[in-house]
Amino acid sequence: MKKLLIALVLVLALAIPALANPFVDVPLNHWAYDAVQTLAAKGCVIGYPDGTFGGNRALTRYEFAQAVARCLAYMEQYVDEAGLATQEDIAMLEKLIQEFADELKNLGVTVEDLKRALGENSQAIKALEDRVALLEKYAEPVKVTGDFTATYTAYFPTDTDKTDAAWEDETNLYIAATINDYTTAGITLSAVNSLGYGDAPNVTADNFWLIYQKDEWFIQAGEIRQNMLGLGLVLGDYQPDDPDDDRDYDLDYEGFYVTYTPEDSDVLWKALGDLNEFYAVRAEWEHVGVMATWMPEGTEFYNVDSDLVVSADVWTDFDDSDVKLTVEGAYAALSGTYGVAGEIEIKASDDATITVDGHYITDGFTPADATTTTTSAFADDEMGFGVGASFILSGDEEGDDSWTLDLSYDWAAAITTGDMVTNEVEGTVTYVPFEAAKGETGVIHGLYDLMDSSFKVYGAYLNYPLDLDSENNEAYFSVRGQYDSANAEITAVGALAYEWIEEKTTLTVEGRYDSVTPAGVQPWSAMAEVAWEMADKTNLTLSYEIGTWEDEYDDNWTGNIVDNAGTLTAELSVSF
């Protein structure tokens, strides 16, 4: 309450530059007469001994402190003790608050403070809320977040290409700016080895983006990330910076993306492109999409290998039925190649979904031609189909453990030669117990290749909670293993994680086994790691590994032991 009262008195001082009062030098027709009279009546100001107020002279800090003290005494008496202020007080304060909303914001008076003093629905509250919202939006038009990571690595025992200790530090600044109501922009600045150890320092600017959104328009330039268009026949798998990473976005590139929806129109227009790789214009209706894509070859906008791809895709759920159908076709006009793809999804019951897909892509189809930049989710010179089924075995009732089953069969062959390229069956059983611990799950995954009769089987149970009978500590056990019949290889991993909750520290111990390793490499590996959250957003990790283990990207497979090196790692990471 005192904070509010002090702020209101400050506003009064701002509203009446010299705290004028109806003294001999304040005429009745003066614009501040009423307010000064009110302040004098409440004892906030008393003027000078000669009966004047001195409205044109500067207010000293001592005089202001006296006025604050007198007003506080009055306000505390009639607000704190009586629990309310007079209607005249409230009316005057509302006018001042509306006039000086900016100053109140800068003084740290919250909307909740004023609601308690003036009531929920006062005009002053509405004015302050609107002004605060505007100030908060533009007070900090540029926001900077980032992270810093410093890593020290040493090897003992050493191995090939792993002999010298290494230091690496990296600082990333993520800058985002609100330019106006419709435009935002950002960029990432990265500095590697800025502390002067190891390799030469390197500073880069990357991942620039700019977004404009107003009415019917959406325009984005720079870093573009989006899902595939249609079934991905033309634009479905394009990540030039990291082509092996399919875990985030189907399309991840630097270019432009524009959408436009004319008023009173059923058409959504799209334009997107990556310089000298592809330029596309697309129109979408409720169930139909049509697209024209120009695909230059090399650095020239046009040469003999460039192509114009015209495509269309149709999708429907047959009036909200349990069947969804999507079909896409594309023709490359200059090369004379084409491709078609289709998918149908049938919800057979509440617990079962069946999917059937197929494709036919001619040799040299430009978006899928491996000799150029590929943007398609399919391979050229290939025909194939797939059948998949997903079943919820249990867990749809409250309190049940969750069991799910996923099955699939895929077949594909080269069109020109007829040689089979894919013929495999895959299945996964997933188990999640009721009231599971964080990340607790069980998985059995199998893959059978009918072309060579080989198979892989993977099983895992992750983050099984151990009963410690303690509220301050937690422990989890994980195990996973795999058998690959192609080379009769067995791999297995066991891990124990012990967490001190109050200390925010976790110890992880991991052991690995690999029955088939490179020549001279031991079949076992071990790792111990301590992770400590030193403070908010500040973490220190220390680890030692004997025998280098490389995990696979896919969560349904284990990794392999690749060398005998012992690796000591210390890493400090800070985010802000």
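This section reports on the structure supplied with the text. Note that residues are indexed from 1 along each chain, following the sequence as it is written. With the structure being a predicted model, the display of local features is reserved for residues of pLDDT at least 70 and the display and counting of side-chain atom pairs for 80 or more, all residues being used for whole-chain, interface and lining totals. With hydrogens and water excluded, all non-hydrogen atoms of the structure serve as input to the side-chain values.

Here's the deal with the overall build of the chain
Put simply, the rule is: What counts as a helix is a DSSP run of H or I of at least four residues, what counts as a strand is a run of E of at least two, and both are numbered from the N terminus. In this scheme, a residue with accessible area under 20% of its type's maximum is buried, one over 50% is exposed, and one in between is partly exposed, where area comes from a 1.4 Å probe on protein chains only. Throughout, the Shrake-Rupley method with a 1.4 Å probe supplies accessible areas, and for residues the shown protein chains are the sole cover considered.
When you go through the chain residue by residue, the secondary structure sums to seven helices and 24 strands. Expressed as a percentage of the 576 residues in the chain, the buried residues total 35%. Entry remark: accessible area of the chain is about 32100 Å², with carbon and sulfur atoms responsible for 55%.

Examining a negative patch on the surface
Where we set the bar: Note on patches: the residues involved have over 30% relative accessible area and no salt bridge, like charges join within 9 Å, and the nonpolar side chains Val, Leu, Ile, Met, Phe, Trp and Tyr join within 5 Å. We define a salt bridge as a contact between a side-chain nitrogen of Lys or Arg and a carboxyl oxygen of Asp or Glu at a distance within 4 Å. Under this rule, positive means Lys or Arg and negative means Asp or Glu; His and the chain ends count for nothing. The location of each charge is read from NZ of Lys, CZ of Arg, CG of Asp or CD of Glu.
Together, E397, E398, D400, D401 and E435 make up a region of like negative charge exposed at the surface. A relative accessible area of 69% means that E435 is categorised as exposed.

Section: a nonpolar patch on the surface
A cluster of nonpolar residues, V425, Y448, L450, F455, V457, Y483, I490 and Y513, forms a patch on the protein surface that exposes about 640 Å² of accessible area. Of note, Y483 is situated in strand β19 (residues 473-484).

A word on the pairing of strand β18 (residues 454-466)
How we decide: Here, a strand pair is defined by DSSP locating no fewer than two bridges between the strands.
Strand direction decides the pairing type here: strand β17 (residues 441-449) and β18, joined by nine bridges, are antiparallel. Each residue of the ladder has a partner; that of V443, found in β18, is A460. The hairpin turn running from β17 into β18, its antiparallel successor, is four residues long, and S453 in that turn takes a positive phi close to 60°. Here β18 runs beside β19; their pairing, made up of nine bridges, is antiparallel. By the bridge assignment, Y461 is partnered in β19 with V479. Counting the residues between successive antiparallel strands, the hairpin from β18 to β19 contains six residues, one of them, D469, with a positive phi of roughly 55°.

Description of the nonpolar core
To keep things clear, this is the line we draw: By convention a nonpolar core is built from buried Ala, Val, Leu, Ile, Met, Phe, Trp, Tyr and Cys residues, the set being connected through side-chain atoms within 4.5 Å. Only heavy atoms matter for contacts: two residues are in contact if any of them lie within 4.5 Å across the pair.
In this structure, L235, Y253, L272, F278, V309 and F365 are the most contacted members of the largest nonpolar core, which totals 23 residues. Counting residues per element, the ones that place at least two in this core are β5 (217-226), β6 (251-260), β8 (278-284), β9 (288-295) and β11 (323-332). It is β6 that provides the largest number of residues to this core, a total of three residues. When residues no more than four places from it in sequence are discounted, the contact partners of L235 are M228, L229, L251, L272, F278, A280, M291 and T375. Counting five residues, the second-largest nonpolar core is a separate cluster that includes V443, L447, Y458 and W557.

Some words on the pattern of salt bridges
Working definition: two side chains of opposite charge can pair if their charged atoms are close together. Following the criterion strictly, the structure yields nine salt bridges and no others. Of the charged contacts, one joins K162 and D563 as a salt bridge, the two residues approaching to 3.0 Å between their closest N and O atoms. With K162 in the loop between β1 (142-155) and β2 (166-178) and D563 in strand β24 (residues 560-575), this pair connects stretches of sequence that are 401 residues apart. Take K162 and D563: they sit in the same class, and that class is buried. A salt bridge links E545 to R512; the shortest N-O distance between them is 2.8 Å. Placement of the pair is E545 in strand β23 (residues 538-550) and R512 in strand β21 (residues 505-514), with a sequence separation of 33 residues. One network of salt bridges, with partners in common, ties together K270, R282, E284 and D313.

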